[in-house]
Amino acid sequence: MKLSELLRKAKRVVVCGIGNEVRGDDAFGVLVAERLKELVKSPNVLILNCGEVPESYTGKITKFEPDLVVFVDAVDFGGEHGEVILADPEGTLGEAVSTHSLPLKVLVGYLKTRLNAEFVLIGCQPAVLGLFQEPSEVIIERAKTLAESLARPLGGG
């Protein structure tokens with residue numbers, strides 16, 4: 001199913017931006033979440049900047065009782081720098097490049113025991129991942145574009 005269909009169908013949505021702001025392009029998910037917070041002011045949408053520890057937000061996610069949980073993260077899937085993909089977060093497509101202490105598929109497996117929801121991963125191919133590096137212009141632009149395209153169906157601008 002396409003993301004636009006999932007968003008249209010869902011009554012309550014959680015968006016989890018994952019990443020590390022001081023590791024270059026790994027900031028992708030965090031950049032998307034922060035921009036979405038500015039654009040979307042709906043009581044049926046919860047936007048979380050999870051940083052490197054999305055597992056710390058399981059309580060907030062389950063308490064919100066979403067129909068759809070969208071994870072946004074930098075994922076090395078061998079694509080072109082800045083390429084964005086839609087994937088099953090429990091699949092084997094690439095691994096999150098940041099230093100998450102818990103793999104996303106484990107987190108989703110746990111959330112599935114608590115929620116009757118759909119789960120989707122929006123991944124972006126990083127290039128710059130060094131410590132204390134700024135995200136590349138390509139990643140900053142992709143994050144902005146993605147946030148704006150997600151905002152519309154989520155009730156924002």
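Quick caveat, the model's predicted, so the values are computed rather than measured. (Residues numbered from 1 in each chain as written. Predicted model: local features only at pLDDT ≥ 70, side-chain atom pairs only at ≥ 80, totals over all residues. Heavy atoms only, no water.)

1. Description of helix α5 (residues 137–151)
Under the convention used in this document: Here a strand is any run of E in DSSP of at least two residues, a helix any run of H or I of at least four, and the numbering for each starts at the N terminus. Given a helix with a known number of residues, its expected span is that number minus one, times 1.5 Å. Throughout this description, buried means an accessible area under 20% of the type-specific maximum (1.4 Å probe, protein chains only), exposed means over 50%, and partly exposed covers the range between. Taking the helix axis as origin, the arc is that swept by the directions to the C-beta atoms. Residue contacts are defined here by distance: any two heavy atoms, one from each residue, within 4.5 Å place the two residues in contact.
Look at α5: 21 Å from first C-alpha to last across 15 residues, which is about the 21 Å you get at 1.5 Å a residue. Along α5, the positions that sit buried rather than exposed are Ile139, Ala143, Leu146, Ala147, Leu150 and Ala151. Here the buried residues of α5 occupy an arc of 130° about the axis, which is enough to place them on one side. Considering only its buried residues, α5 is in contact with α1 (3–9), α2 (28–39), β3 (68–76) and β6 (118–124).

2. Digging into the nonpolar core
When a protein is soluble and globular, its nonpolar side chains tend to lie buried together. Defined as follows: Among the buried residues, those of types Ala, Val, Leu, Ile, Met, Phe, Trp, Tyr and Cys that are joined through side-chain atoms within 4.5 Å form a nonpolar core.
Counting 27 residues, the largest nonpolar core has Phe28, Val32, Leu36, Leu150 and Leu154 as its most contacted members. Contributions of two or more residues to this core are made by α1, β1 (13–18), α2, β2 (45–51), β3, β6 and α5. The leading source of residues in this core is α5, at six residues. Residues within four places of Phe28 in sequence aside, it is in contact with Val72, Asp73, Ala74, Ile122, Cys124, Ile139, Arg142, Ala143 and Leu146. One finds Cys16, Cys50, Val75 and Leu121 within the second-largest nonpolar core, a separate group that totals 21 residues.

3. Focus on the pattern of salt bridges
Put simply, the test is: Any carboxyl oxygen of Asp or Glu within 4 Å of a side-chain nitrogen of Lys or Arg constitutes a salt bridge here.
Within the structure shown, the criterion is met by five salt bridges. The partner of Glu90 in a salt bridge is Lys112, with the nearest N and O atoms 2.6 Å apart. Of this pair, Glu90 sits in the loop between β4 (84–87) and β5 (95–96) while Lys112 sits in helix α4 (residues 104–114), placing them 22 residues apart in sequence. Look at the salt bridges and you will find they share partners, linking Arg35, Glu38, Lys144 and Glu148 into a network.

4. A few points about the packing of aromatic side chains
Note the cut-off: Pairing of aromatic side chains requires ring centres within 6.5 Å, counting the rings of Phe and Tyr and the six-membered ring of Trp. Pairs whose planes differ by under 30 degrees are stacked, by over 60 edge-to-face, and all others tilted. Two limits define a charge over a ring: the Lys NZ or Arg CZ must be within 6 Å of the ring centre, and within 35 degrees of the ring normal.
Inspection of every chain in the model, using the stated rule, returns zero aromatic pairs. It is Arg12 that lies over the ring of Phe64; its NZ or CZ is 3.9 Å from the centre.

5. Concerning unusual backbone geometry
Of note, the phi angle at Glu65 is positive, near 55°, even though the residue is not glycine. Along the chain, Glu65 falls in the loop between α3 (58–64) and β3. For Glu65, a relative accessible area of 58% gives the class exposed. Of note in the backbone geometry, Phe132 takes a positive phi value of approximately 60° without being a glycine. The topology assignment puts Phe132 in the loop between β6 and α5.

6. Considerations on the state of the cysteines
We apply this condition: Cysteine sulfur atoms that come within 2.5 Å of each other are treated as a disulfide pair.
This model, assessed by the stated rule, comprises zero disulfides. Between Cys50, a free cysteine, and Cys16, which holds the nearest cysteine sulfur, the sulfur-to-sulfur gap is 4.1 Å. Overall, the relative accessible area of 2% leaves Cys50 in the buried class. Unpaired in this structure, Cys124 has its nearest cysteine sulfur neighbour in Cys16, at a distance of 17 Å. You can call Cys124 buried: its relative accessible area is 0%.

7. Remarks on the side chain of Asn49
Note the threshold: Identification of polar contacts relies on pairs of N or O atoms within 3.5 Å, with a donor-acceptor requirement for protein atoms, meaning one able to donate a hydrogen and the other able to accept it, and with residues adjacent in sequence counted only if both atoms are side-chain atoms.
Note on placement: Asn49 falls in strand β2. A distance of 2.9 Å separates the side chain of Asn49 from the side chain of Glu34, its partner in a polar contact. Beyond its immediate stretch of four places on either side in the chain, Asn49 contacts Gly17, Val30, Ala33, Glu34, Lys37 and Tyr57.

8. Quick look at the pairing of β4
Stated precisely, the cut-off is as follows: Pairing between strands is defined by DSSP: at least two bridges between the two strands are required.
Taking every second residue as pointing to the same face, the buried face of β4 carries Ile85 and Ala87, while none of Val84 and Leu86 on the other face is buried. Alignment of β4 against β6, held across four bridges, turns out to be antiparallel. Bridge pairing in β6 links Leu86 to Ile122.

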